[in-house]
Amino acid sequence: MFNKNNRIIKKLFFHESWDIMVINSHGQHVFPENTLDILCNAKARQLDKKYIFQADPFIIDKGERLYVFYEAFSFLTSKGVLRCRVLNKDLEEIEDVKLEGFDDLKCHLSFPFLFELDGKLFMIPESAERKEVILFQSVDFPTRWEKVKVLVSDMAVTDNVIFELNGVNFMASTTMDNELVIHTSDAILGDWQQISPDLDICNMHARGAGKPYSVNDKTYLFTQECSAGFYGKSIFIKELTNLTPHKYEEKLVGKISPSINNSDGIHTLNFTDNYIVYDTKHLTFSLLSTLKKLAYKVMVNHRKRLFS
């Protein structure tokens, strides 16, 4: 009875609150050898709290500035928007800018996956409500972005990441039911085709949790624990050992749990040579939690009808 009452109280009066943590590794981070050690022992700075959800951080280390691209979410709008927090080398916050070029999408946006190609910076934000995977290019860093191409249409997939393996481009995504979806293309700007390889997976958690990373001829994927009741609880580090149109194989090499900062969850991790960034979840008490959650569901259902 006590546990049942706790669950009811939690459901009625608590909601998730996400924040972004940044670690300056001073060039000492070597993935995957000491990643967990640094996460557990290095001092992390929490970015100033401006939104209920500050999540899905991706970073660019450029010149004397660190640029943290992230999802900003408020219950007032019940829709994620993309922003960039600019920091100096001492992790002091300089400015927080809303990214331009995305308003016409009119949908919830998150997970601003970044990658460079031929000296140009690109982004694929999560826009599953539109049932599209859309490629954007930076035209005035970091603020202005321009739509380049719809890579995948008529498919609601989330947290899309692109990587190259054996000279072939792959895109890994998940459906809203956390089912792995894989597309392939000869070129990033080319045509993307879905493939259906046999899956030899280490667990059922396939939703992206950060940018894939290749080192020493090995490719690593980061995925988030995303089962019922455990959304955003932890991150799995997986080595992708084989991927062809016929076979997908992976093995588990590590797990990052919320114990690194005594929080309730962590579901996105990215890094450069000098910095590690991740998001962290806490359950927050509010007498208005039920109302906030209800308003969110109403807005989500409204947008679903808009894009149906």
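Residue numbers restart at each chain and count upward from 1, following the sequence in its written direction. A pLDDT threshold of at least 70 governs which residues receive local features in this predicted model, and a stricter bar of 80 or more applies before side-chain atom pairs are shown or counted, although totals over entire chains, interfaces and linings include all residues. Here the side-chain values reflect all heavy atoms present in the structure, with hydrogen atoms and water set aside.

Participant: Looking at this structure, how should I read the sheet that holds strand β9 (residues 132-140)?
Facilitator: Sheet strands pair via backbone hydrogen bonds, and the direction of the pair is either parallel or antiparallel. Pairing between two strands requires that DSSP report at least two bridges joining them. Working definition: helices are DSSP H or I runs of at least four residues, strands are E runs of at least two. Numbering for both runs from the N terminus. The strand order across the open sheet formed by four strands is β7-β8-β9-β10, and the pairing between neighbours is antiparallel. In this open sheet, the two strands that pair with only one neighbour each are β7 (110-117) and β10 (144-153). Pairwise comparison of adjacent strand axes, ignoring direction, gives a mean angle of 25° for this sheet. Of the pairings in the sheet, the one linking β7 to strand β8 (residues 120-126) comprises six bridges and is antiparallel in character. Across the sheet, the residue bridging to L114 is M123, located in β8. Here an axis means a line fitted to C-alpha atoms, over the contact stretch when the element is a helix, while the angle between two N-to-C directions is reported on a 0 to 180 degree scale.

Participant: For this particular structure, what's the right way to read unusual backbone geometry?
Facilitator: Note on backbone geometry: most residues besides glycine have negative phi, and most peptide bonds are trans. Residue F31 is joined to P32 through a cis peptide bond whose omega torsion reads 0°. By the secondary structure assignment, P32 is in the loop between β1 (14-24) and α2 (35-41). The omega torsion of the bond from F141 to P142 falls at -5°, within 30 degrees of zero and hence cis. With respect to the helices and strands, P142 occurs in the loop between β9 and β10.

Participant: Help me out: how do you make sense of the sheet that holds strand β11 (residues 157-165) in this one?
Facilitator: Ordered in space as β11-β12-β13-β14, the four strands form an open sheet in which the pairing is antiparallel. At either end of the open sheet lies a strand with only one pairing partner, and these are β11 and β14 (193-195). Pairs of neighbouring strands in the sheet enclose a mean axial angle of 30°, with direction left out of account. Where strand β12 (residues 168-175) meets strand β13 (residues 180-185), six bridges bridge the pair, whose relative direction is antiparallel.

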